[in-house]
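# What the coordinates show
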Amino acid sequence: MKNMKRIVALVLALMLSTSCFAGCGGGKPQGSGDPTKDIEIAYWNAGLGDQWLKDVIAAFNAKHPEYYVYYTASAAAATINSTLELDNNTVDLYFTSERADTSDFVVLDDILNATAEGDSKPLIEKFNTNYLKNAQAADGHYYQLTYGGGVVGIIYNKALFDKAGITELPRTTNELAIVCDKLFSAGISPICHFAPEGYYGYLSDALIYQYDREGYTETFYSCTDANGVSPSKDVFTAKDGRYEVLKAYEKILTTDYVMEGSNSIDHVTAQTMFLNESAAMMVNGSWIANEMASVEGSMDNFAMMRTPVLSAITDKLTTVKTDAQLRKVITAIDNVHDGVKQVSDYQSGEGYTVDGIEVSKEDWDFIEFARFTVASNFSGENACIPSYSENVEGAKAFLSFLYSDEGYRVYAKALKNPMPMTLSQGELDTSDWNAYQISQIELLEEAVAMPCYQVASRHNIFKVGGATKFADVAYVSKLCASNKADRKSADAIWDEIVAKVNDEYENKWLANIKK
């Protein structure tokens, strides 16, 4: 296949909207001329840009003269992914969006279990364990490993919060609605998104997980009901954390609180307007700092708050039953975590006492877990090696280098953005990172769970069938539709979801699996 490298590379160049050749400043993708050395990469060049890839390739090529790495890139993941279907495809390594079908990918377990040159422990011990849970396929293997994405949360404009007199960040979703009202009363648009639902899909994962805990992945995404039946339609119609999240959003995503036009503008427009103070909050991710890196000081006035706790979790508690009590316990938990207080300051017998509230250990632990559940989309941007590559070992060597301490330092220096991993020795040099960028490492380190709908072990009804957690009902735009006739309540949206499940479960989702 490698002897066809030149011909097929030209085809790829025509397909990809942006072509890059590491080492000679651009032009058509081409190799070293020696097919036994070449490692061809196809890269989805989205929010991360490509400087990190250029730098890692340059470092790898210098360290491993036995190989020669080069790449083609496109801003469209679909364009990159379409090359997987080409006959005589010559790509050895993909950096692209998560792929549901991994049947033609090489197992990457040996990379995870090996210790890279210069490291002191294997990669599997460097990766965040919560990320690894998401990345592990149902058969126990790893076919895709992250190269991008980030932490997802609510980013807020500190100056606009100050202008509205907001001195404390919202601890619960009910308190987030109160913050929205304060901003609105101060003449400030509280929150914005882009069509159709912005990044709420990721935030919803975290909020649902706060309520349903491991059941969200072990029951819902495995499509297994209480009786052990899988697949089961009951999983989709059960009134679980998804419904509670809709009820929470109903108080926040109102026509008063959502920036006008959010349901129709694109990502770039919404983000630009947000950074220009058209709204005080936006659900976004770590990558926003990199996307705005060319604008000096663009992130100085912005920070990502800890995700508020879903107020409905009081349904799951026995000693904390009101939102006011929940907020007080969250403050106590934050105080302990941030070193303001010791846990012993709150311990009382077998439980805790917070401002006169007797809190059971079970409730404290449940709330603490919810508080440090962090949304992410690391599983959405992955490296994978097609099994038909004739340089599998070279592609593996490149990935091993990328995830090594040396490679990760090169990556982080270029991006100022973390992957869900740590160094085996020492710390990343963050001396030239801004406060927002550093906070992304802190949020990642304190995470006790990182739920994501792109969990590799999810049932085929999600991967192939077309099922999603809200049955593809546009809940965000329906909650805040400017046209009253198009606006729906959380209960009406839930009814629409159930109706769509009843209509599509067998006729579409199961049918797609059987094709």
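Up top is the structure these notes are about.
Now for a quick tour of the structure. If you're wondering where the values come from, they're calculated on a predicted model, not measured in any experiment. (Residues numbered from 1 in each chain as written. Predicted model: local features only at pLDDT ≥ 70, side-chain atom pairs only at ≥ 80, totals over all residues. Heavy atoms only, no water.)

## So, the overall build of the protein chain
The helix and strand inventory of the protein chain stands at 22 helices and 14 strands. The C-alpha radius of gyration computed for the protein chain amounts to 24 Å, which stays within 12% of the reference 24 Å derived for 515 residues, consistent with globular compactness. Principal axes of the C-alpha set define a box for the protein chain whose edges measure 75 × 55 × 45 Å. Within the protein chain, the proportion of its 515 residues that are buried is 57%. Within the protein chain, contacts between residues separated by at least 24 positions form 76% of all contacts whose residues are at least 6 apart in sequence. Just so you have it, the protein chain exposes about 20700 Å², and 48% of that area is on carbon and sulfur atoms. Once the 44 positive and 70 negative side-chain charges of the protein chain are each reduced to a mean point, those two points are 3 Å apart. (Helix = DSSP H or I, 4+ residues; strand = E, 2+ residues; numbered from the N terminus. Rg over C-alpha atoms; globule rule 2.2 N^0.38 Å. Buried < 20%, exposed > 50% of the residue type's maximum accessible area, 1.4 Å probe, protein only. Contact = heavy atoms within 4.5 Å. Areas by Shrake-Rupley, 256 points an atom, 1.4 Å probe, with all protein chains shown as cover. Lys, Arg positive; Asp, Glu negative; His and termini not counted. Charge placed at Lys NZ, Arg CZ, Asp CG, Glu CD.)

## Things to note about the side chain of Q454
Of note, Q454 is situated in the loop between helix 19 (435-445) and helix 20 (460-463). Q454 gets classed as buried once you look at its relative accessible area, which sits at 10%. Not counting chain neighbours up to four residues away, the residues in contact with Q454 comprise E98, N134, Y202, N377, S379 and G380.

## Points about helix 12 (residues 241-252)
In this model, helix 12 (twelve residues) spans 17 Å end to end at C-alpha, consistent with the 16 Å of a helix rising 1.5 Å per residue. Where burial is concerned, most of helix 12 is hidden: nine out of the twelve residues are buried. Listing the buried residues of helix 12 in full gives G241, R242, Y243, E244, V245, L246, A248, Y249 and I252. Looking at the buried positions of helix 12, the neighbouring elements they touch are helix 8 (173-185), helix 9 (200-212), helix 10 (215-220), helix 11 (234-237), helix 21 (475-479) and helix 22 (490-514). (Expected span 1.5 Å × (residues − 1).)

These results come straight from atomic positions and should not be treated as a statement about function.
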